[in-house]
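# Topology and contacts: notes
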Amino acid sequence: TELEPPPTDLITLTRHILSQQYALGETATGDLTMLLVAIQVTSKYISSNVRKARLINLVGLAGASNVQGEDQKKLDVLSNDIMVNALRASGKCSVMVSEEVDDTIVVKGSKGTYACVFDPLDGSSNIDAGVNVGTIFGIYKVSEGSERGMKDVLKPGKEMVAAGYTMYGSSCNLVLSTGQGVDGFTLDESLGEFILTHPEIKIPSRGKIYSFNEGNSMHFYPPVISYLESIKYPANGKPYSARYIGSMVADVHRTLLYGGIFGYPDDKKSKDGKLRMLYEAFPMSFLIEQAGGVATTGTQRILDVIPKNIHGRCPVFMGSSEDVEDLKKHYAAYDGEK
Ligand code: P6P
């Protein structure tokens, strides 16, 4: 077949962000654009380190553990430092929360109008096995005259102005929303640019895949058990498929593109579930809702939950609207004690 001529109108991530901000008219100062460009650079750099990790002995443990008590992998620590330094240098971010840092980071003297929460390398327990890992981030506006501190981030996820993730897998994909829908970009390493490859992502209203760690089944509460039964032994004789990678970015990315439901429930062993609100549940819920899906704790919209501490956790069910609404029916029908 005729070779297609190269595209002559490349939409890079920077161009796309600028066009979205221009659409906001003079209210846009360019600060969010600069912040997102800084995040874009960190994703490129983390991607290059993840790719060559084994070659430059970056896999394996760093000898420390984080606030979650999880062993920190060298790449965790490196990715965290890359993000903290780039966000500080951007001058647009005055408050940060990282999964890898116990306390809120306040950039001394900064008048940056944004607060950024992030998991620099989510799913890192999979790194040594070469499984997809990712960076997850959410951005809040800092209120006028704020003292800048924890209260700028202990806000419900619905107050985020942007959220996204970068997945380091067979290719490097950055998925972003600034509240005007969801767009996906793929890193063209020969250009060093993220190119728009998945414009206006919309999640299917129903899927055929469920994504839960069923190794926790003995601890599940009745609504989750009855919901899983309903899709594994359905009246129509067409059970769902199970797909679970154990790396939230990879499991949510597949759910966003193919539909279905991803869940990390609260259970008898983990009373609030495992996933952290600020830098896992909230950003992913923001994206899923912007793509037309639903994200719930089972009884409440995740984006309405007000975090009590910066590493707080919440139950997570998110994905196709019809699938998640089915799940919510099992909670509504359950009036027993948990
Ligand atoms: P489990 C990775 O450690 C993580 O925080 C998420 O990326 C992932 O969805 C979840 O934990 C996996 O947890 O208990 O199923 O291994």
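Residues numbered from 1 in each chain as written. Predicted model: local features only at pLDDT ≥ 70, side-chain atom pairs only at ≥ 80, totals over all residues. Heavy atoms only, no water.

An unreviewed UniProt entry annotates the protein chain as Fructose-1,6-bisphosphatase of Dioszegia hungarica. The record held by UniProt for the protein chain lists under Subunit (unreviewed entry) the comment "Homotetramer." Turning to the protein chain, the UniProt record has this under Cofactor (unreviewed entry): "Mg(2+)". (UniProt positions renumbered as here; feature names shortened; annotations may be inferred.)

Reading across the sheet, the 5 strands line up as β12-β11-β13-β15-β14 and stay open at both edges, with mixed pairing between neighbours. Each of the sheet's edge strands pairs with one partner strand only, and the pair in question is β12 (241–242) and β14 (294–296). Pairing of strand β13 (residues 261–264) with strand β15 (residues 316–319), which is carried by 4 bridges, proceeds in the antiparallel orientation. The partner of I261 across the bridge, within β15, is G319. Against the sheet, helix α6 (residues 277–290) contacts β14 and β15, and its axis sits at roughly 25° relative to β15. (Pairing = 2+ DSSP bridges. Helix = DSSP H or I, 4+ residues; strand = E, 2+ residues; numbered from the N terminus. Contact = heavy atoms within 4.5 Å. Axes fitted to C-alpha atoms, helices over the stretch in contact; angles between N-to-C directions.)

This paragraph deals with the packing of aromatic side chains. All told, the structure shown has 3 aromatic pairs when counted by the stated rule. For the ring pair Y210 and F212, a centre distance of 6.4 Å and an interplane angle of 50° mean the geometry is tilted. The pair Y210 / F212 is uniform in exposure class, with both members buried. With 5.7 Å between their ring centres and 65° between their planes, F317 and Y331 make a pair best called edge-to-face. With F317 in strand β15 and Y331 in helix α7 (residues 321–332), this residue pair connects regions lying 14 residues apart in the sequence. With a relative accessible area of 0%, F317 lands in the buried category. Judged by relative accessible area, which is 6%, Y331 ranks as buried. Grouping aromatic residues by their ring pairs yields a cluster made of Y210, F212, F317 and Y331. We note K141 situated over the ring of Y114; from NZ or CZ to the ring centre the distance is 4.7 Å. (Phe/Tyr/Trp six-rings, centres within 6.5 Å; stacked < 30°, edge-to-face > 60°. Buried < 20%, exposed > 50% of the residue type's maximum accessible area, 1.4 Å probe, protein only. Lys NZ or Arg CZ within 6 Å of the ring centre and 35° of its normal.)

Let us look at the nonpolar core. Core analysis: the largest hydrophobic core is formed by 42 residues, its most contacted members being V153, M248, L278, F282, M284, V316 and M318. When residues of this core are traced back to their parent elements, those giving at least two are β3 (93–98), β5 (114–122), β6 (133–141), β7 (160–168), α5 (248–258), β13, α6 and β15. At 9 residues, the largest contribution of residues to this core is made by α6. Once you skip the residues sitting within four places of it in the chain, M284 turns out to touch I136, Y165, M248, V249, V252 and M318. Core analysis: the second largest hydrophobic core is formed by 34 residues, M83, I105, Y114 and F194 among them. (Core = buried A, V, L, I, M, F, W, Y, C linked by side-chain atoms within 4.5 Å.)

What follows deals with the layout of surface pockets. Volume-wise, the second largest pocket comes out at about 260 Å³. Contributing to the lining of the second largest pocket are 15 residues, with Q21, L24, L32, Y114 and K141 lying nearest its centre. When residues of the lining of the second largest pocket are assigned to their parent elements, the largest contribution, 3 residues, is made by helix α2 (residues 31–52). Counted by class, the lining of the second largest pocket contains 5 nonpolar, 8 polar and 2 charged residues. (1 Å grid on protein atoms, 1.4 Å probe; cavity = no way out; pocket = protein on both sides within 12 Å on 5 of 7 lines; lining within 4 Å. Points joined across faces, edges and corners; volume = space filled by probe spheres on them. Nonpolar A, V, L, I, M, F, W, Y, C, P; charged D, E, K, R; others polar.)

Now for the site of the ligand. Around the ligand, the surrounding shell consists of D122, G123, N213, Y244, G246, S247, M248, Y264, K274, L275, R276 and E280. Interatomic distance of 2.8 Å between a side-chain N/O atom of N213 and an oxygen atom of the ligand. Relative to its unbound accessible area of 400 Å², the ligand is 83% covered by the protein chains. Grouping the amino acids of the shell around the ligand by side-chain chemistry returns 4 nonpolar, 4 polar and 4 charged. (Near = heavy atom within 4 Å. Polar contact = N/O pair within 3.5 Å; in protein donor to acceptor, adjacent residues only side chain to side chain. Areas by Shrake-Rupley, 256 points an atom, 1.4 Å probe, with all protein chains shown as cover.)

Spatially, β4-β3-β5-β6-β7-β8-β9-β10 is the arrangement adopted by the 8 strands of the open sheet, whose pairing is mixed. Edge positions in the sheet fall to β4 (105–106) and β10 (193–198), since each of these pairs with one other strand and no more. Across 7 bridges, β5 lies against β6 in antiparallel orientation. Residue pairing for β6: C116 is matched across the bridge by I139. Relative to β5, helix α3 (residues 74–90) is tilted by about 160°, and along the sheet it contacts β3, β4, β5 and β6. In the packing of α5 onto the sheet, contacts are made with β5, β6, β7, β8 (172–177) and β10, and the angle to β7 comes to roughly 105°.

The subject of this paragraph is the packing of α5 against α6. In contact at an axis separation of 11 Å, α5 and α6 are set at 15° when each is read in the N-to-C sense. One finds that α5 runs roughly parallel with respect to α6. Here α5 and α6 pass one another in a crossing that is right-handed. Between α5 and α6, the contacting residues are M248, V249, V252 and L256 on the first element and E280, A281, M284, L287 and I288 on the second. Residues that form the contact of α5 with α6 fall into these classes: 8 nonpolar, no polar and 1 charged. (Parallel < 35°, antiparallel > 145°, perpendicular 65-115°, else oblique. Left-handed = near helix turned anticlockwise from the far one by under 90°.)

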